[in-house]
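Below are the chains, spelled out letter by letter.
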Amino acid sequence: QVQLVESGGGLVQAGGSLRLSCAASGGISSIVIMGWYRQAPGKQRELVATITSGGSKNYADSVKGRLTISRDNAKYTVYLQMNSLETEDTAVYYCSANIITTYYPPPVDYWGQGTQVTVSS
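The model shown is predicted, which means the values in this text are computed figures rather than measured ones.

## Some thoughts on the state of the cysteines
Under the criterion given, the structure shown has 1 disulfide. One disulfide bridge connects C22 with C95, the sulfur atoms lying 2.1 Å from each other. Because the torsion about its S-S bond is -80°, the bridge between C22 and C95 counts as left-handed. Highlighted residues: C22 in strand β3 (residues 18–25) and C95 in strand β9 (residues 91–101), separated in sequence by 73 residues. By relative accessible area, C22 is classed as buried at 0%. Accessibility expressed as a relative area gives 0% for C95, which makes it buried.

## Some thoughts on the pattern of salt bridges
Pairs can form between side chains of opposite charge once their charged atoms are near each other. Applying the stated criterion to the full structure yields 5 salt bridges. The salt bridge involving E46 is made with R38; its shortest N-O contact spans 2.7 Å. Using a relative accessible area of 5% as the deciding quantity, one classes R38 as buried. A salt bridge links D89 to R66; the nearest nitrogen and oxygen atoms lie 2.7 Å apart. With D89 in the loop between β8 (77–82) and β9 and R66 in the loop between β6 (57–59) and β7 (67–72), the pair connects residues that are 23 residues apart, well separated along the chain. When sorted by exposure, D89 lands in the same class as R66, which is buried. One salt-bridge network, in which partners are shared between bridges, spans R38, E46, R66, E86 and D89.

## Notes on the nonpolar core
Formed by 32 residues in total, the largest nonpolar core has its most connected members in W36, L80, M82, Y93 and I99. Secondary structure elements with two or more residues in this core: β3, β4 (28–39), β5 (46–52), β7, β8, β9 and β11 (115–120). Considering every element that reaches this core, the biggest residue donor is β9, with 5 residues. When sequence neighbours within four positions are dropped, the list of residues in contact with L80 reads L18, R19, L20, W36, V48, L67, T68, I69 and Y93.

What counts as what
- Residues numbered from 1 in each chain as written.
- Predicted model: local features only at pLDDT ≥ 70, side-chain atom pairs only at ≥ 80, totals over all residues.
- Heavy atoms only, no water.
- Disulfide = S-S within 2.5 Å.
- Helix = DSSP H or I, 4+ residues; strand = E, 2+ residues; numbered from the N terminus.
- Buried < 20%, exposed > 50% of the residue type's maximum accessible area, 1.4 Å probe, protein only.
- Salt bridge = Lys/Arg side-chain N within 4 Å of Asp/Glu carboxyl O.
- Core = buried A, V, L, I, M, F, W, Y, C linked by side-chain atoms within 4.5 Å.
- Contact = heavy atoms within 4.5 Å.

The following block contains the structure:
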């Protein structure tokens, strides 16, 4: 069974930095795209950033220039470096991956359990 395990969330002051990590495991053949989404209280889940296996990146306008996504294909891991954090960045951050497994060829979307990021003023 595929699992996505996130780490690195926490409490930080505005202007500070955090780094999130998400490691995928469990019968993986390849990962097409990995990404981060977030959901603030009372709001819908929204895209933060995605990255393809070839390294192409896409960011939400609200995080451009402050958050940076990267991945280690050999480790099936995606990272989110968050700098110049703002109170509006407070949310639960979810890792997502579109994965082809060794036992089920079509790619399937998987989600992590979420990690809380709280930015205080």
